[in-house]
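Remarks on the overall topology
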Amino acid sequence: MTYTSSLLRLLDERGYIHQLTDAEGLDALAEKQVVPGYIGFDPTAPSLHVGHLVSIMMLRQLQRAGHKPIVVMGGGTGKIGDPSFKDEARKLLTEDLIKQNVASIRRVFERFLTFGDGPSDAIMVDNAEWLDRLEYIPFLRDIGQHFSINRMLSFDSVKLRLDREQSLSFLEFNYMILQAYDFLELSRRAGCRLQMGGSDQWGNIVNGVELARRVDGTQVFGLTTPLLTNADGTKMGKTVGGAVWLNEDQLAHFDYWQFWRNTDDRDVGKRLRLFTDLPLDEIERLEALQGSEINAAKIVLANEATRLCRGEEASRAAEATAQATFAGGGLGEDLPTVEVGPEGIRLGAACTALGFVASNGEAKRKIAEGAVRLDDVVMEDPAMLLSVPAGATLKLSVGRKKHGIVKGI
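Fair warning: this is a prediction, and the values are worked out from it, not measured in the lab. (Residues numbered from 1 in each chain as written. Predicted model: local features only at pLDDT ≥ 70, side-chain atom pairs only at ≥ 80, totals over all residues. Heavy atoms only, no water.)

1. Focus on the nonpolar core
Note the threshold: Residues grouped as a nonpolar core are buried Ala, Val, Leu, Ile, Met, Phe, Trp, Tyr and Cys residues, joined through side-chain atoms within 4.5 Å. Three exposure classes are used, based on accessible area relative to the maximum for each residue type with a 1.4 Å probe and protein chains only: buried under 20%, partly exposed in between, and exposed over 50%. In what follows, a contact means two residues having at least one pair of non-hydrogen atoms within 4.5 Å.
Counting residues in each nonpolar core, the largest one holds 69 residues, and the members touching the most others are Phe109, Leu223 and Trp260. In contact with Phe109, other than residues within four places in its own chain, are Phe41, Leu48, Ile56, Val71, Met73, Phe115 and Met124. Grouped together as the second largest cluster of nonpolar side chains are 29 residues, Phe147, Phe155, Val158 and Val220 included.

If you want it as structure tokens, here you go:
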């Protein structure tokens, strides 16, 4: 389909669109008015990670096209946890921990969106504002009657759990009803007409679209993005070292920058479209680079992605650290660091302390494979004691891409 609105053209050209509930209807609406659109984020940790980033960027693109982003923090739904395509129930969080996570997560959105009172300024709301006030019997009578258990059981997110004979609690089963109710409430409160999300949210989004129509007679729309995978088929954002966190207190600037710099050659164009604001003609030029020249495109990707999430200064510092570490053979200031006293630290423990391996056992295996180097010299003994004088530093490397500093204090 050829879109006429700047919103859907922008989202389509950059690769954000997978499914739409009514493409023609949304296209027409976006042509004639500002469309408020929302995405929900459950505060299950102190930071979101790169798996959430396509959703954040989609809100950014919504605003760039002149429409209104609504960030919904799941202070209410976070007390349950989305069961979609999960093997088991999420650990239930306390109310205090949810509030702490919400406060921590808020910071990252201020870098991607412009908040305010204008027609296209972003707003942030917490669904606990309305979900915490619901009364059980009135909610069942007014909202529950519009949901078919037969249909809910047919959704893939539920069906997979049942087919595997994995427990799905009644608590989790209610999640899709509450998310649908969010859309109805946002339609009433903020004139919201669009819900966006990942492809795993399609069933939940459709429920909300239908609920708004049945209860209020309001036409609202849903849009999902494709499942983001790397060229090798693995899910984007999953790394051996764990999640790639967006907040700097969860992951150092250099490690965030390096994640993007390590992009597979085949994924450079796609990631430039989804995770930067670069013009499409510039992206086409960069993704066409061949051989070792594609590394220049990866540096642009790393710089642009880091600048959006961490700021200009962080982006420049991370690139300078990479240059000092890889090109100059020195020690960049932004590298992860472990400080050791006069007692020193064992080599294997240093690898673990820097977060390069998950355990001392894994450190031993890496050392046995010849993957661990100290000041670029291959090490062989995991029990080797590193004694570092106060103020002195050693560069510890695991493989070609993980580098850190052991500093004496």
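From this point on, the discussion continues.
2. Digging into the sheet that holds strand 1 (residues 19-20)
The condition is simple: Here a strand pair is declared whenever DSSP counts at least two bridges between the two strands. Under the scheme used here, helices are H or I runs from DSSP no shorter than 4 residues and strands are E runs no shorter than 2 residues, and both carry numbers assigned from the N terminus. Structural elements are reduced to axes, namely lines fitted to C-alpha atoms, with helices fitted over the stretch in contact, and the angle between N-to-C directions of any two is expressed from 0 to 180 degrees.
Taken together, the 6 strands give an open sheet; going across it, the order is 1-6-5-2-3-4, and neighbouring strands pair in mixed fashion. Each of the sheet's edge strands pairs with one partner strand only, and the pair in question is strand 1 and strand 4 (123-126). Of the strand pairs in this sheet, strand 2 (residues 36-41) and strand 5 (residues 194-198) are connected by 2 bridges, and their pairing is parallel. Its bridge partner lying in strand 5, Gly37 is registered against Leu194. The strands touched by helix 4 (residues 95-112) are strand 2, strand 3 (68-73) and strand 4; relative to strand 3, the strand with the most contacts, the crossing angle is about 160°. Packing against the sheet, helix 11 (residues 202-216) makes contact with strand 1, strand 5 and strand 6 (221-225), and its axis sits at approximately 170° to strand 6.

3. What about the UniProt feature "short sequence motif: 'HIGH' region" (unreviewed entry) in the protein chain?
Condition: UniProt positions are given in the numbering used here, feature names are shortened, and annotations may be inferred rather than shown by experiment.
UniProt records the feature "short sequence motif: 'HIGH' region" (unreviewed entry) at residues 43-52, using the numbering of this structure. Helix makes up 0% of residues 43-52 and strand 0%, and the two end C-alpha atoms of the span are 12 Å apart.

4. Description of the sheet that holds strand 11 (residues 372-374)
Here 5 strands make up an open sheet; going across it, the order is 9-15-14-11-12 and the pairing mixed. Every other strand in the sheet has two partners, leaving strand 9 (337-340) and strand 12 (377-378) as the edge strands with one partner each. Relative to strand 14 (residues 393-398), strand 11 runs antiparallel, the two being bridged by 3 bridges. For Val372, the partnering residue across the bridge sits in strand 14 and is Val398.

5. Brief notes about the pattern of salt bridges
Quick reminder of the rule: Salt bridges are identified by distance alone: a Lys or Arg side-chain nitrogen within 4 Å of an Asp or Glu carboxyl oxygen.
All told, the structure shown has 16 salt bridges when counted by the stated rule. Among the ionic pairs, Asp249 bridges to Arg107, the shortest N-O distance being 3.2 Å. Of this pair, Asp249 sits in the loop between strand 8 (242-243) and helix 12 (253-261) while Arg107 is found in helix 4, placing the two residues 142 residues apart along the sequence. Measuring nitrogen to oxygen at the nearest pair gives 3.1 Å for the salt bridge that ties Glu312 to Arg316. One end of the pair is Glu312 and the other is Arg316, both in helix 16 (residues 312-327) and 4 residues apart, which spans about a single turn.

6. Observations concerning the pairing of strand 6
Basically, it comes down to this: Handedness of a crossover: with both strands directed away from the viewer, a clockwise path from the first strand across the helix to the second marks it as right-handed.
Counting buried residues along strand 6, 5 of its 5 residues qualify, which places the element largely inside the surrounding structure. Covered by surrounding structure in strand 6 are Phe221, Leu223 and Thr225 together with Gly222 and Thr224, the residues of both alternating faces. Bridge count between strand 1 and strand 6: 2 bridges; the pairing is antiparallel. Bridging across to strand 6, Gln19 finds its partner in Thr224. As defined by bridge partners, strand 5 adjoins strand 6 across 5 bridges and the pair is classed as parallel. Along strand 6, the bridge assignment pairs Met196 with Leu223. Crossover handedness for the path strand 5 to helix 11 to strand 6: right-handed.

7. Considering the packing of aromatic side chains
Short version of the rule: Centres within 6.5 Å make a pair out of two Phe, Tyr or Trp rings, where for Trp the six-membered ring is used; the pair is then stacked when the planes are under 30 degrees apart, edge-to-face when over 60, and tilted otherwise. Two limits define a charge over a ring: the Lys NZ or Arg CZ must be within 6 Å of the ring centre, and within 35 degrees of the ring normal.
This model, assessed by the stated rule, comprises 6 aromatic pairs. Taking 6.1 Å as the distance between ring centres and 70° as the angle between the ring planes, the aromatic pair formed by Tyr256 and Trp260 counts as edge-to-face. Here Trp260 and Tyr256 lie together in helix 12, a separation of 4 residues that amounts to about one turn. The buried category is assigned to Trp260, whose relative accessible area is 0%. Both rings, one in Phe259 and one in Trp260, keep their centres 5.0 Å apart while their planes meet at 80°; by these two values the pair is edge-to-face. Of the aromatic side chains, those joined through ring pairs into one cluster are Tyr256, Phe259, Trp260 and Phe275. Geometry around Tyr256 places Arg310 over its ring, the cationic atom sitting 4.7 Å from the centre.

8. Focus on the environment of Ile105
With respect to the secondary-structure elements, Ile105 resides in helix 4. Classification of Ile105 as buried rests on a relative accessible area of 0%. A C-alpha to C-alpha distance of 8.4 Å links Ile105 and Ala45, two positions 60 residues apart in sequence. When near neighbours in sequence (up to four residues on either side) are disregarded, Ile105 contacts Pro43, Ala45, Pro46, Ser47, Leu48 and Met73.

9. Digging into a nonpolar patch on the surface
The condition that has to hold: A residue counts toward a patch only above 30% relative accessible area and without a salt bridge, and it is joined to like-charged neighbours within 9 Å or, for Val, Leu, Ile, Met, Phe, Trp and Tyr, to nonpolar neighbours within 5 Å. Using the Shrake-Rupley algorithm and a 1.4 Å probe, accessible areas are obtained, with residue cover drawn only from the displayed protein chains.
On the surface, Tyr136, Ile137, Leu140 and Phe170 cluster together to form a nonpolar patch covering roughly 460 Å² of accessible area. For the nonpolar patch, the element with the most residues is helix 6 (residues 136-142), which contributes 3 residues. By the element assignment, Phe170 lies in helix 9 (residues 170-173).

10. Here we look at helix 2 (residues 23-32)
Within helix 2 the residues assigned to the buried category are Ala23, Gly25, Leu26, Asp27, Leu29 and Ala30. Turning to helix 2, the residues buried within the fold contact helix 1 (6-13), strand 1, strand 5 and strand 6.

11. What to know about the packing of helix 3 (residues 53-64) against helix 4
Let me state the cut-off plainly: Orientation categories follow fixed angle ranges, with anything under 35 degrees roughly parallel, anything over 145 roughly antiparallel, 65 to 115 roughly perpendicular, and all other angles oblique. The hand of a helix crossing depends on one turn: near helix anticlockwise from the far one by less than a right angle means left-handed, and clockwise means right-handed. Residue polarity follows a fixed list, in which Ala, Val, Leu, Ile, Met, Phe, Trp, Tyr, Cys and Pro are nonpolar, Asp, Glu, Lys and Arg are charged, and the others, Gly among them, are polar.
Interhelical geometry of helix 3 versus helix 4 gives an angle of 45° and a closest axis separation of 10 Å. As the angle between them shows, helix 3 and helix 4 are arranged oblique. Two packed elements cross with a definite hand, and for helix 3 against helix 4 that hand is right-handed. Contacts between helix 3 and helix 4 involve Leu53, Ile56, Met57 and Arg60 from the former and Phe109, Arg111 and Phe112 from the latter. Across the contact of helix 3 with helix 4, the residue classes tally to 5 nonpolar, no polar and 2 charged.

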